[in-house]
Structures are given as C-alpha cells and as structure tokens.
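Residues per chain are reported as follows:
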Amino acid sequence: VGVDVNLAATRLDDARGPTPYLWAVAATIPLAGPVAWGLELSGERVEGVAPSRHALAFVNFTVHQGLVLDAGWTRAVRGEGEAALFAGVTWNFGR
C-alpha cells in the first residue's frame, strides 16, 4: 500500500488576493503484477469562497519503473464541480 499526503498554500506575487489552501490524501493498492488501484480525497479552501472536496478513484499500469499509465473518475463531494473521466501518463526522466 502506498500513501501520499499533500498540503499546500499558494501566494501570488501581488499578495492582494486570498490565499488558497489545498490538501490531498491518496492510497494506492497493488492488484496483480503491474496493475494497481487507488482512491484520493482532496479539497481546497479560499477565504470568501465555499470550500470544495473531491473524491477520485483510479487504476494504473506500471509499464516500467519510470513510466506509469493511469485512468479514473472524479467527482465533487462538496462544493461545485462535475464528474469527470481522466487518463494520464507519469514519466520519471531520472529512471
């Protein structure tokens, strides 16, 4: 099982607007060989805007140590946002 936790605050150069605070927690579980599945919960909070939270489910396929293909589904569980399908590639240039 792999677990990933991210916390972030983004401040723009002019520093006049509100600061967005972002968070995400994900877990990936191996299925068979190079295939795994995972779940992620994430959200954001900006002063003056209703907070949002999203849920995401995905499968990934490790082609080799530095190349992973993934696809999944995401939807808002609180706040605005529509459900969406996605696909992506992660390429680690150093591997």
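All figures in this text were calculated on a predicted structure; none of them were measured in a lab.

Visitor: Explain the overall build of the protein chain to me, please; I cannot follow it from the model alone.
Guide: Helix and strand counts for the protein chain come out as 0 helices and 6 strands. Starting at the N terminus and ending at the C terminus, the protein chain contains elements arranged as β-β-β-β-β-β. Against the 2.2 N^0.38 benchmark of 12 Å for 95 residues, the protein chain shows a C-alpha radius of gyration of 16 Å, more extended than a compact globule. Dimensions of the protein chain, computed from C-alpha atoms along their principal axes, come out at roughly 50 × 30 × 20 Å. For the protein chain, the share of sequence-separated contacts (at least 6 apart) that also reach a separation of at least 24 residues comes to 25%.

Visitor: When you look at the environment of Val1 in this model, what are you seeing that I'm missing?
Guide: Assignment of secondary structure puts Val1 in the segment before β1 (2–9). In this structure Val1 comes out as exposed when scored by relative accessible area, which is 77%. Sequence-wise, Val1 and Glu44 are 43 residues apart; in three dimensions their C-alpha atoms are separated by 25 Å. Ignoring anything within four residues of it in the chain, the contact list for Val1 reads Thr28, Ile29 and Pro30.

Visitor: Just to check I follow, could you spell out the side chain of Ser52 for this structure?
Guide: Assignment of secondary structure puts Ser52 in strand β4 (residues 49–64). Not counting chain neighbours up to four residues away, the residues in contact with Ser52 comprise Ser42, Gly43, Glu44, Arg78 and Gly79.

What counts and how
- Residues numbered from 1 in each chain as written.
- Predicted model: local features only at pLDDT ≥ 70, side-chain atom pairs only at ≥ 80, totals over all residues.
- Heavy atoms only, no water.
- Helix = DSSP H or I, 4+ residues; strand = E, 2+ residues; numbered from the N terminus.
- Rg over C-alpha atoms; globule rule 2.2 N^0.38 Å.
- Contact = heavy atoms within 4.5 Å.
- Buried < 20%, exposed > 50% of the residue type's maximum accessible area, 1.4 Å probe, protein only.

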